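Residue-level listing of the chains:
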Amino acid sequence: MKKFLVGFWYSMPVQLFFLHFRKFQIFLIFWYVLFATINGHFLEKFGANSLFLSPEYFNNVNLLSAAFVGLAIGIFIMSWNITTFILHHREFQFLATTAQPFLKYCINNGILPIIFLVNYFSELIYFDTYRELMSAAEITLLIIGFLGGFSLAIFIAFAYFFGADKTIYSTMSNTIIDANKQYLDNIKNKILATEKYKIRVDWFFTARFALRKPRDVRHYTQDFLDTIFKRHHFAAVIAYFIAFLFLIGIGYTSDARLSQIPAAASITIFFALIIAVVGAFSVFLKNWSLPVIALIYLMFNILYEHDIIDPRTKFFGLDYTNELKDKPIYSKESIIALANDSAIAIDKQKFIARLNAWKARQHDDKPIFYIINTSGGGIRSATFTFRTLQHIDSLMNGKLMSKTMIINGASGGMLGAAYYRALYLKKLNQDTINLQSATYLDDISKDLLNPIFSSFVARDVIAPVQKFMLGNNTYVKDRAYAFEKKLNANTHGLLDRSIDADRVAEETALMPTMFYNAVITRDGRKMILCSQAVRFLMRAPKNSNNIVSQDPDAIDFNSFFIKQNPLNIQVTSALRINATFPYILPNAQLPTNPVIDVMDAGLRDNFGQENTLRFIEVFKNWLQENTSKIVIIQIRDRTIGDWEKPIEQKSLIDLFTKPAFLLQNNWYKLQDYSQNDQLDYFSKNYGDKLVKINFQYIPTNKDAAASLSFHLTAREKKEIVIALKNNINKQATNDLIKIENTPK
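Each value, and the rule that gives it
Residues numbered from 1 in each chain as written. Predicted model: local features only at pLDDT ≥ 70, side-chain atom pairs only at ≥ 80, totals over all residues. Heavy atoms only, no water. Salt bridge = Lys/Arg side-chain N within 4 Å of Asp/Glu carboxyl O. Helix = DSSP H or I, 4+ residues; strand = E, 2+ residues; numbered from the N terminus. Buried < 20%, exposed > 50% of the residue type's maximum accessible area, 1.4 Å probe, protein only. Expected span 1.5 Å × (residues − 1). Polar contact = N/O pair within 3.5 Å; in protein donor to acceptor, adjacent residues only side chain to side chain. Phe/Tyr/Trp six-rings, centres within 6.5 Å; stacked < 30°, edge-to-face > 60°. Lys NZ or Arg CZ within 6 Å of the ring centre and 35° of its normal. Core = buried A, V, L, I, M, F, W, Y, C linked by side-chain atoms within 4.5 Å. Contact = heavy atoms within 4.5 Å. Axes fitted to C-alpha atoms, helices over the stretch in contact; angles between N-to-C directions. Parallel < 35°, antiparallel > 145°, perpendicular 65-115°, else oblique. Nonpolar A, V, L, I, M, F, W, Y, C, P; charged D, E, K, R; others polar. Pairing = 2+ DSSP bridges. Left-handed = near helix turned anticlockwise from the far one by under 90°.

**Quick look at the pattern of salt bridges**
For step 1, the next point in the chain: Under the criterion given, the structure shown has 20 salt bridges.
For step 2, the next point in the chain: Note that E506 is salt-bridged to R421, the shortest N-O span being 2.5 Å. One end of the pair, E506, is in helix 21 (residues 503–507); the other, R421, is in helix 17 (residues 411–429), and 85 residues separate them in sequence.
For step 3, the next point in the chain: Classification of E506 as buried rests on a relative accessible area of 2%.
For step 4, the next point in the chain: We note a salt bridge from R604 to E610, for which the minimum N-O separation is 3.1 Å.
For step 5, the next point in the chain: Through salt bridges with shared partners, a single network forms among K526, D553, R604, D605, E610 and R614.

Below is the structure:
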């Protein structure tokens, strides 16, 4: 028994497995991320596990989508094998004397990949059974697809290295024969040097999975062994270069649907690329790796500081070609000047014309004034918002959009509201459209994440910059471009239009006016975009001479960028900036002096109420004279109060990290607390005339809530659809019906 245990411990697979924990541990980080992701311990609330366990391709989870993930996992494992083979070759020099040394290394390096694959398949079966509601046959096809893609990656890698092995041994055969003869002579004369090894290995697996003792390599010179390994290293570098060229090709063809591979595949290939780069630094630069990396960082930082490179994206449609003197100055003085009293009065009077146009379309002397606020929350919120609008519209016999004056909000919810509004406008000209159709709900719930990650890996990181023209302006094709292109595809091009294209319909109240929002990262001010200037939303109205006037906390986009053709901005760009989730989508820079950038509106107001209350206060007199009631319909992707998700301290790590993440984890709750106070003050002034009705997404299973992501599983889509049937939303429905049936 002791002999067996000793032999097991000193076998190459076991020794190699533990070697990864002793040297170059940085590569284990990537394995940890993959293990944690598929097991739901890493970014689960953002749906990261679903990307790997139910990958989508062409909006379907099928054999082909699984094959792409299998192929990517195979590429990752082979990249890890190649890199560690190069880094650890001196520990296992006997491999140089065997046929196909790289193959044998991979076989003996298989413990970690095998554990991962077993874990992956067990999680895939569970997830797709209970979260994707798939049948056994469908899951079997996914497994077959994964294994097919995985086998293809392994086959291509080994076929390449088999060819490299033949070339190496055909060119070095005479040297090997001479070394073997020298070995026989040395044995006769008993002059072999004492055998030395850094890692003791008693057994290793051959290519046929048979156990064999390592070969004695004392008769080979160190130069000879190094030469063989270097030839293999060169073959590995060629393989990396071919893979790099392949990714560049993918980058150039990213506009094609065929190239928009599943997000999980893009992420995994990106990991494989990083492993290759880190390995190259370690091999070629050795102890100089960190200083060189620091030097490269400093170089790129200097280029960024001097505006030579800029990873930020742009508003598609906005003019960035102006000379410096024509760019607006972002300063306290210029912002205060923009929000002067006369300018506010002009914008206010112009908007009153819209209000009068809206009232003229109503059938009552004092109609109910509806405002829709929708929250952020990725595709989860977009889908719930769209379904809720369908539900409310059915209660109003298809008149919701004509009765609503303002749509306002953040992030994903605005995607759903914008698509519903666009369909309504099309219906006015094409009566065959059924706004209650489940087809349109399916459109807005389709995946947006795959093209983002595919573009990030293939375009943002790998391929040279590609550009496109929109009007007379040139923009870069990046993951922001990929997002907008996919959103247009999902919504059948209805959002592929400029803000100016909606201006007349909004001015005549043919459809609700929409406020698009973003947050300026420089100081937290809000950027508000509308089809007309809205400087009246830049600061709170002056109601008393006893209160010191505050600086504007918002910027009117139209008036600030008046020389940059602001209304030429694409609707999809306005929605994208409204939904710029950190890291997933790039911040958008603006042509100001100094340059500023903006990101997700939810950072400032995730529920849209801030603009709404300021709007009500600005137009208080008109609303009191012309409406019977103001109804704020708030559509939320999370419950009010959110008692079900407290921050719990479960480990020592939580004890140390809790203070750092306290604000982040409670951010939306803090917004709720503040906005509830604001609404309370308003209700005291308006009484029964101001009503707020909340529709809330509450999952039936608290442990299986839809993820905050641009991707939803089949079960998550069903959960969102049936969320309107919970008691809270039934009560909200009854409250709305009661208001509608109340005599005006």
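From this point, the discussion proceeds with the structure in view.
**Examining helix 20 (residues 479–490)**
For step 1, the next point in the chain: Compared with the 16 Å implied by 1.5 Å per residue over 12 residues, the 16 Å span of helix 20 between its first and last C-alpha is a close match.
For step 2, the next point in the chain: Of all the 12 residues making up helix 20, 10 are buried; the element is thus mostly covered by neighbouring parts of the structure.
For step 3, the next point in the chain: Among all positions in helix 20, only R479, A480, Y481, A482, F483, E484, K486, L487, N488 and N490 are buried.
For step 4, the next point in the chain: Its side-chain oxygen placed 3.1 Å from the backbone nitrogen of A480, D478 serves as the N-cap of helix 20.
For step 5, the next point in the chain: Positive backbone phi, approximately 55°, marks H492, located one or two places after helix 20.

**Notes on the packing of aromatic side chains**
For step 1, the next point in the chain: In total, this model carries 39 aromatic pairs according to the counting rule given.
For step 2, the next point in the chain: Consider the rings of F351 and F619, whose centres lie 5.6 Å apart with planes at 35°: the pair is tilted. Of this pair, F351 sits in helix 14 (residues 341–360) while F619 sits in the loop between helix 24 (609–618) and helix 25 (620–626); the two residues are 268 residues apart in sequence, bridging distant segments of the chain. In this structure, F351 and F619 share a single accessibility class: buried.
For step 3, the next point in the chain: Taken together, the ring pairs in this structure connect W31, F35, F76, W80, F116, Y120, F121, F146 and F150 into an aromatic cluster.
For step 4, the next point in the chain: Residue placement shows K314 over the ring face of Y320; its charged tip is 4.8 Å from the ring centre.
For step 5, the next point in the chain: The cationic tip of R576 hangs over the ring face of F316; the distance from NZ or CZ to the ring centre is 4.7 Å.

**Looking at the environment of L712**
For step 1, the next point in the chain: Summarising the element assignment, L712 is placed in the loop between strand 13 (690–696) and helix 28 (714–722).
For step 2, the next point in the chain: Along the sequence, L712 and S50 sit 662 residues apart, while their C-alpha atoms lie 8.0 Å from each other.

**Notes on unusual backbone geometry**
Trans peptide bonds make up most of the peptide bonds, and negative phi angles are found at most residues other than glycine.
For step 1, the next point in the chain: Cis geometry is found at the peptide bond from N593 to P594, where omega equals 0°.
For step 2, the next point in the chain: Within the element layout of this structure, P594 appears in the loop between strand 10 (588–590) and strand 11 (596–599).
For step 3, the next point in the chain: A positive phi angle, close to 50°, is found at S411, a residue other than glycine.
For step 4, the next point in the chain: Take S411: it is sitting in helix 17.
For step 5, the next point in the chain: If you check the backbone angles, A509 has positive phi at about 60° while not being a glycine.
For step 6, the next point in the chain: With respect to the helices, strands and loops of the structure, A509 is situated in the loop between helix 21 and strand 7 (513–520).
For step 7, the next point in the chain: Among the residues examined, A509 registers a relative accessible area of 6% and is labelled buried.

**Overview of the nonpolar core**
For step 1, the next point in the chain: Judged by nonpolar contacts, the single largest core of 147 residues is most densely connected at Y120, F315, M527, L590 and F710.
For step 2, the next point in the chain: A per-element tally of this core places helix 5 (residues 63–88) first, with 11 residues.
For step 3, the next point in the chain: Those residues in contact with F315 that sit more than four places away from it in its chain are Y320, Y475, F557, I569, S573, R576, I577, A588, Q589, L590 and V598.
For step 4, the next point in the chain: Grouped together as the second largest cluster of nonpolar side chains are 30 residues, L355, F536, A554 and L690 included.

**Looking at the packing of helix 2 (residues 12–22) against helix 5**
For step 1, the next point in the chain: Contact geometry for helix 2 and helix 5: axes closest at 12 Å, N-to-C directions at 85°. The pairing of helix 2 with helix 5 is recorded here as roughly perpendicular in orientation. On the side of helix 2, the interface is formed by L16, L19 and H20, while helix 5 contributes W80, T84 and H88.
For step 2, the next point in the chain: Each residue belonging to the contact of helix 2 with helix 5 can be placed in one class, and the counts come to 3 nonpolar, 3 polar and no charged.

**What about the pairing of strand 11?**
Successive side chains on a regular strand alternate, one facing one side of the sheet and the next facing the other.
For step 1, the next point in the chain: Taking every second residue as pointing to the same face, both faces of strand 11 are buried, with I596 and V598 on one and D597 and M599 on the other.
For step 2, the next point in the chain: Bridge count for strand 7 against strand 11 is 2 bridges, and the pairing is antiparallel. Each residue of the ladder has a partner; that of V519, found in strand 11, is M599.
For step 3, the next point in the chain: In this sheet, strand 11 lies alongside strand 10 in antiparallel orientation, the contact comprising 3 bridges. When the sheet's bridge partners are listed, A588 is paired in strand 11 with V598.
For step 4, the next point in the chain: Adjacent in sequence and paired antiparallel, strand 10 and strand 11 are bridged by 5 residues.

**Thoughts on the packing of helix 5 against helix 7 (residues 111–130)**
For step 1, the next point in the chain: At a minimum axis distance of 11 Å, the contact between helix 5 and helix 7 shows a crossing angle of 160°. The orientation of helix 5 relative to helix 7 falls into the category roughly antiparallel. Considering the relative orientation of helix 5 and helix 7, their crossing is right-handed. Touching V69, I73, I77 and W80 of helix 5 are L112, P113, F116, L117 and Y120, all from helix 7.
For step 2, the next point in the chain: A breakdown of the residues in the contact of helix 5 with helix 7 according to their chemical character gives 9 nonpolar, no polar and no charged.

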